[in-house]
Amino acid sequence: MTGRRLEHGGQIDRAQALRFRFDGRALTGHPGDTLASALLANGVRLVGRSFKYHRPRGILSAGPEEPNALVTLRSGARAEPNTRATVAELFDGLTATSQNRWPSLRFDALAINDLAAPLLGAGFYYKTFMWPAAFWERVYEPLIRRAAGLGRLSGAPDPDAYDKGFLHADLLVIGAGPAGLAAALAAGRAGARVVLADEDFRMGGRLNAETFALGDTTGADWAAAAVAELAGMAHVRLLPRTTVFGAFDHGIYGAVERVADHLPDPPPGTPRQILWRITTRRTILAAGATERPIAFADNDRPGVMLAGSLRAYANRWGVAPGKRVAVFTNNDDGLRTARDLRAHGVRVAAVIDARPDAPDPRIDGARHLPGAVVIGTSGRLGLTDVTVRTADVREFRIDCDALGVSGGWNPALHLTCHQRGRPVWDDRIAAFAPGPDLPPGMAVAGAAAGVPSTHGALHSGHAAAAEALDALGRTAPPADLPQAEDAPLALRPLWHVPGTRRAWLDLQNDVTVKDIAQAQHEGFGAVEHMKRYTTLGMATDQGKIANVPALGVMAELTGRSIAETGTTIFRPPYTPVSLGALGGRATGPTFKPTRLTPTHPWAEAQGAVFVEVGQWLRAQYFPRAGETHWRQSVDREVLAVRAGVGLCDVTTLGKIDIQGTDAARFVNRVYCNGFARLAVGRVRYGLMLREDGIVMDDGTTARLAEDHFVMTTTTANAGPVFRHLEFARQCLWPDLDVQLISTTDAWAQIAVAGPKSRTLLQRVIDPGHDISNAAFPFMACGAVTVCGGLRARLFRISFSGELAYELAVPARYGNALMERLMERGADLGATPYGTEALSVLRIEKGHAAGGELDGRTTAQNLRLGRMVSTKKDSIGAVAARRPGLNTEDTLELVGLRARRPDSRLAAGSHLFAPAARTEAANDLGWVSSAAFSPHLGAPIALAFLRGGAARQGEVLRAVNLLSGQDTEVEVTSPHFIDPDGERLRA
Amino acid sequence: MIIPHPLLGPRDAQEFTYMGDAALIDRPDGMAEGAAEAFDTYLHARDNPAGLHRELWYHEAGDRSWLVVTRDTRTHEITQVELARDVARARGRSQ
């Protein structure tokens, strides 16, 4: 127990207590606390175990850069691993659990890894888990997977909702510290539409963590007044708890607003988080800066913190992180920490200042040690003392339970890199500053731009806003900014203190100074190589703290400057974004839209089983009482069609209405077979090729009038074919008089199939329409009326091979028409059939469908090569004649019939000669569609077989190595029933 | 990305489908002499510039216009957007 709540101060509501638990221990905090500040106030220093060596770790920072204090927040289905305690807002009832330890945080069995550290240095994965190769999948990977990672997912479905939102702004201001607030005030007062986003729940940035005055008030009060003024402007949108995580093309920014993360459960109707897509004309990045540590031996003990964070805990949260504190710094900002802590009544043991000429901060009771460095620490689970080496090379211990370290400040320039911008080294601040290649429309202000003081931040924020307003055609108001501190940055770079014990650079990935040296020694000196070899800068913090110090070390090792050493750049996201936020509402049943067919209510009432077909939900089969297996239902439906009449909703097939004086010319060019002379009132099967000669789609197209066609497409290709036709219409032949519209959803279409189909139709089609075989032959089409005057279209087409029709009515009448057909057909045995029976029927007939039109097959493969007309220019016709697509042994569509009726035959099987070894060299083709044919009483299939047309009668094997099937089949015609088409014309 | 549609103003790229090089507009005559070679080039030969690229985008979730967008492949900066139909006509395509 070292940390404690101070008597006074902090932006917390001391009147209210919030109860929470950490590893089961009941603790209390206050509104305004983060989990980290509340833990420190309760004297908790040890919060986690490190990734690789399981070393005890404590809270290092007070912000999103935190590498150590990762906890699992909440429990049950809401458990969220790897949450940074430093940004988790405290709420009543919060539960947090430490990670990466077993059996307990204080005693962790895997801490043994730390003893094996000499074997686990940089690149040990690459050296250790190499041989033998057979061990890779069975030994190494399970081993690594078990040991790797930090927290564990709950495995339960996320109970919360996430939303997506769109915002449009003239100016997006990222960060609500002094620079961001000054910028937002200027733009807001000028009337611009402003979005001001800040990841903190309290806007103000460092102003909330400092004690110095802004004009005649405190920084926190000035920030609160500025936020209040902005909140009163209707054209300004304030987004607290919102992290802008990425800068994308054309002024689009991604942001996550944590709407309910600070509440025990999201209130009803409230999403947990909102993913904002912000489109803005100008952006000001005012994200501040991140403090960096100095590496020294054993600098990872709980109690060693960033100096600015130590100060923030005291000033903002009224927490003294230790009873006796020391500061190790190389710049004046560290002195500010010592002063502020002393002003809060905390004992300051020493100010260890690496600068030989360091000014004496004159802190009551503190030793001032200019030119000194920390060379070691003690304390098994938390800091007890530090060892110091002075300028005159004396070494001694100083008792302290908290050490604030300051190595300088790195501008938070991450978003400036998201469009490939490269940071540039700035000697004045000894840090990387934003480079010249900013995302278009972005300016950087304040500490993010490398401006060190509060005065500088306020003025650079205002100036950036003035420039943006000018570009937006607005006039900036005069700068009305308070007086603020303007201390220069007095810093002498120091990256690490040389020593023999391990000095940690990346606390999250357990990377030490030695690892960097080893990487350099082994030839991985280039920055990108070093990063990957050592894993420095990876995982949740993405090197926010470690990257620059590691570059400093690498520069020293190679004798180059940091500018010459180079830097890695940052990609989105700035901090981790939950998959829930990215998914939004697109989960479960709302993952994609669900389209229902017009007869869906009727099918549901029949007890149909439904299947997803793209976005559509279609009836798959209609089980009847006593049927226990889907095959029983499907076989019955198939036989009913062949013997009587069946009904199937085929609305999902794409329908494209084509009109215009050039409609016939147009259709003739997009199908490879002839359509120019199709008579009015007739339908034709059309084969559509891609320009490279591969089959794109097929369907029937009806000519309803001289200048009016209705094309049908497969269900899956309704969209792509329409896009293709629009391309042909607009880009290839822009002056053809032809118009297209999709009418898929406008017409309900019902297939009426079977020898009794005409009889049934005659009962619903109004008198006066002659549909006798003579008047309405196979492939006829025309407008009719049904059921007493309802306009309808009738097509005599057949997918099943039987006498069949498709009847289309306006979509809203589809359900009623189906009911009427069933009622009028009762005595004929009218039977509804679903997609399974539809598929069996078309396989029996040998019609191609999705399995055959898979984007690889040609007209020749389908044995439709002669359909490709040579008398006209149509899309794909030239490429279809390529020699490579027309070889003698090309794959050709055949039928297969299993020799044993009880054997199994699956699509995807490959074909082999009876005695051939089942290996790729002997592969003769593949099965594209398979079904059990109740008509033949055996499994049948359609397949592509090398030289298949000439192999009828051969016996082959259909082999499916995945399911272990090896089935003897006989090659047949693909037309298992009625090869001459007599039934169609009956 | 935002695509400034010539008829509808700035539209989010999510509304569009991408097809590729605008050279696809220059479809050869399938009945002409040397059609096989011409189609081989049309189908397979593409420039892959680091810089300005003219390419086809389809406003599928919008007005169904095909557009020719001139985009810098290095920066995604869009410098020109035309209706593909106008481009096709300007390149001599008609019926």
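Provided above is the structure to which this section pertains.
Throughout this description, residue numbers start from 1 for each chain and increase along the sequence as written. Written order determines the labels here, with chains lettered from A and ligands numbered from 1. For a predicted model such as this one, the threshold for reporting local features is a pLDDT of at least 70, and the threshold for listing and counting side-chain atom pairs is 80 or more; totals across whole chains, interfaces and linings nevertheless cover every residue. The side-chain figures draw on all heavy atoms in the structure; neither hydrogens nor water molecules are used.

(A) Geometry of the sheet that holds strand 8 (residues 94-97) of chain A. Residues and elements named next belong to chain A. The pairing criterion is simple: DSSP has to find at least two bridges between the two strands. We count a stretch as a helix when DSSP gives it H or I for four or more residues in a row; a strand needs E for two or more, and each element gets its number in order from the N terminus. If you walk across this open sheet you meet the five strands as 3-2-8-6-7, and the pairing is mixed. Looking at strand neighbours, the two that pair on one side only are strand 3 (25-29) and strand 7 (80-84), the edges of this open sheet. Across this sheet, the average inter-strand angle for adjacent strands is 40 degrees, counted without regard to direction. For strand 6 (residues 70-73) and strand 8, the ladder comprises two bridges, and the chain directions are antiparallel. Directly across from Thr72, in strand 8, lies its bridge partner Thr97. Fitted lines through C-alpha atoms give the axes, limited to the stretch in contact for helices. The angle between two N-to-C directions lies from 0 to 180 degrees.

(B) Structural detail: the packing of helix 16 (residues 630-643) of chain A against helix 21 (residues 835-845) of chain A. Residue and element names in this part refer to chain A. Contact geometry for helix 16 and helix 21: axes closest at 9 Å, N-to-C directions at 55 degrees. On the basis of the axis angle, helix 16 is oblique to helix 21. In terms of crossing hand, the pair formed by helix 16 and helix 21 is right-handed. Together, Trp630, Val634, Glu637, Val638, Val641 and Arg642 of helix 16 and Glu836, Ala837, Val840, Leu841 and Glu844 of helix 21 make up the contact between the two elements. Note on angle classes: values under 35 degrees are labelled roughly parallel, values over 145 roughly antiparallel, values of 65 to 115 roughly perpendicular, and the remainder oblique. Crossing handedness is defined as follows: a turn of the near helix away from the far one that is anticlockwise and smaller than a right angle gives a left-handed crossing, while the clockwise case is right-handed. Residues are treated as being in contact if the distance between any of their heavy atoms lies within 4.5 Å.

(C) Looking closely at the interface of chain B and chain A. On the side of chain A, 35 residues touch chain B, which itself brings 36 residues to the contact. Using a 1.4 Å probe, buried area is obtained as the accessible area two parts lose upon being combined, added over both of them. At the boundary of chain B with chain A, total buried surface from both sides reaches about 2,900 Å², with 51% on carbon and sulfur atoms. Salt bridge, as used here: a side-chain nitrogen of Lys or Arg that lies within 4 Å of a carboxyl oxygen of Asp or Glu. In this assembly, chain B and chain A are joined by six salt bridges. Between Asp735 of chain A and Arg89 of chain B there is a salt bridge, with its nearest N and O atoms 2.6 Å apart. As used in this structure description, the phrase polar contact means that two N or O atoms lie within 3.5 Å; if the pair is within protein, one of them must be able to donate a hydrogen and the other to accept it, and residues adjacent in sequence are counted only when both atoms belong to side chains. Between chain B and chain A we count 22 residue pairs in polar contact (both at pLDDT 80 or more) in total. Within the residue set of the side of chain B that touches chain A, elements represented by two or more residues are strand 3 (17-21), helix 1 (35-44), strand 4 (52-58) and helix 2 (84-90) of chain B. In terms of residues, the side of chain B that touches chain A owes the most to one element, helix 1 of chain B, which gives six residues. Only Asp, Glu, Lys and Arg are considered charged, only Ala, Val, Leu, Ile, Met, Phe, Trp, Tyr, Cys and Pro nonpolar, and every remaining residue, Gly among them, polar. Its residues assigned to classes, the side of chain B that touches chain A shows 18 nonpolar, nine polar and nine charged.

(D) Just empty space enclosed by the protein, in detail. All names here are of chain A. Cavities and pockets are found on a 1 Å grid laid over the protein atoms alone: a cavity is a set of points where a 1.4 Å probe fits but cannot escape, a pocket is an open set with protein on both sides within 12 Å along at least five of seven lines, and a lining residue has an atom within 4 Å of such a point. Grid points are joined across faces, edges and corners, and a volume is the space filled by probe spheres set on the points. This structure, assessed with the given rule, holds eight cavities of 30 Å³ or more. Approximately 160 Å³ is the volume attributed to the largest cavity. Mapped by element, the contributors of at least two residues to the lining of the largest cavity are strand 27 (409-411) and helix 12 (547-558). No other element matches the three residues that helix 12 contributes to the lining of the largest cavity. Classifying every residue of the lining of the largest cavity gives eight nonpolar, six polar and one charged.

(E) Local environment of the pattern of salt bridges. If you walk through the whole model with that rule in mind, you get 66 salt bridges over all chains. For Asp26 of chain B, the salt bridge is made with Arg91 of chain B, and the minimal N-O distance between the two is 2.5 Å. In this pair, Asp26 of chain B is assigned in the loop between strand 3 and helix 1 and Arg91 of chain B in the segment after helix 2, connecting sequence segments 65 residues apart. Where salt bridges share partners, they join Arg55, Arg57, Asp114, Asp298, Asp300, Arg301, Arg501, Arg502 and Asp510 of chain A into one cluster.

(F) Spotlight on the sheet that holds strand 22 (residues 367-370) of chain A. All names here are of chain A. With respect to topology, five strands assemble into an open sheet ordered 18-26-20-21-22, the strand pairing being parallel. Unpaired on one side and paired on the other, strand 18 (304-306) and strand 22 mark the two borders of the sheet. Strand-to-strand twist of the sheet, defined as the mean angle between neighbouring strand axes without regard to direction, takes the value 20 degrees. Pairing geometry for strand 18 and strand 26 (residues 402-406), over three bridges, is parallel. Bridging across to strand 26, Leu306 finds its partner in Val405. In the packing of helix 7 (residues 307-317) onto the sheet, the strands contacted are strand 18, strand 20 (324-329) and strand 26, and the crossing angle to strand 18 comes to about 85 degrees. Strands in contact with helix 8 (residues 332-343) are strand 20, strand 21 (347-353) and strand 26; relative to strand 21, the strand with the most contacts, it is inclined by about 170 degrees.

(G) Summary view of the packing of aromatic side chains. Residue and element names in this part refer to chain A. Stacked, edge-to-face and tilted labels apply to pairs of Phe, Tyr and Trp rings (six-membered ring for Trp) whose centres lie within 6.5 Å, assigned for plane angles under 30 degrees, over 60, and everything in between, in that order. Counted under the stated rule, the structure contains 16 aromatic pairs over all chains. Consider the rings of Trp425 and Trp495, whose centres lie 6.3 Å apart with planes at 55 degrees: the pair is tilted. With a gap of 70 residues between them, Trp425 in strand 28 (residues 424-426) and Trp495 in the loop between helix 9 (454-471) and strand 31 (504-506) connect regions that are remote in the sequence. Classification of residues uses two cut-offs on accessible area relative to the type maximum, computed with a 1.4 Å probe and protein chains only: under 20% is buried, over 50% is exposed, and between them is partly exposed. For Trp425, a relative accessible area of 18% puts it in the buried group. The class of Trp495 is buried, set by a relative accessible area of 6%. When the ring centre of Tyr574 is taken as origin, the NZ or CZ atom of Lys544, which lies over that ring, is 4.6 Å away. Definition used: whenever NZ (Lys) or CZ (Arg) falls within 6 Å of the ring centre and also within 35 degrees of the ring normal, the charge is taken to sit over that ring. The ring of Phe932 has Arg631 sitting right over it, with the charged end atom 3.8 Å from the ring centre.

(H) Just the state of the cysteines, in detail. Pairs of cysteine sulfur atoms within 2.5 Å are identified as disulfides in what follows. Applying the stated criterion to the full structure yields zero disulfides over all chains. Free cysteine Cys781 of chain A: the closest other cysteine sulfur is in Cys787 of chain A, separated by 20 Å.

(I) Focus on the side chain of Arg241 of chain A. Residues and elements named next belong to chain A. With respect to the helices, strands and loops of the structure, Arg241 is situated in the loop between strand 13 (236-239) and strand 14 (242-248). For Arg241, the side chain forms a polar contact with the side chain of His262, separated by 3.5 Å. Not counting residues up to four positions away in its chain, the partners in contact with Arg241 are Glu89, Asp198, Glu199, Asp200, Phe201, Val256, Glu257, Arg258 and His262.

(J) Geometry of unusual backbone geometry. Residues and elements named next belong to chain A. With omega at 0 degrees, the peptide bond leading from Pro572 into Pro573 counts as cis. Considering the arrangement of structural elements, one finds Pro573 in the loop between helix 13 (562-565) and helix 14 (579-583). Not every positive phi belongs to a glycine, and Asp23 is a case in point at roughly 50 degrees. Here Asp23 is to be found in the loop between strand 2 (18-22) and strand 3. The partly exposed category is assigned to Asp23, whose relative accessible area is 30%. Positioned with a positive phi, Asn100 is a non-glycine residue whose angle comes to about 60 degrees. Position of Asn100 among the secondary structure elements: in the loop between strand 8 and helix 2 (112-115). The buried category is assigned to Asn100, whose relative accessible area is 13%.

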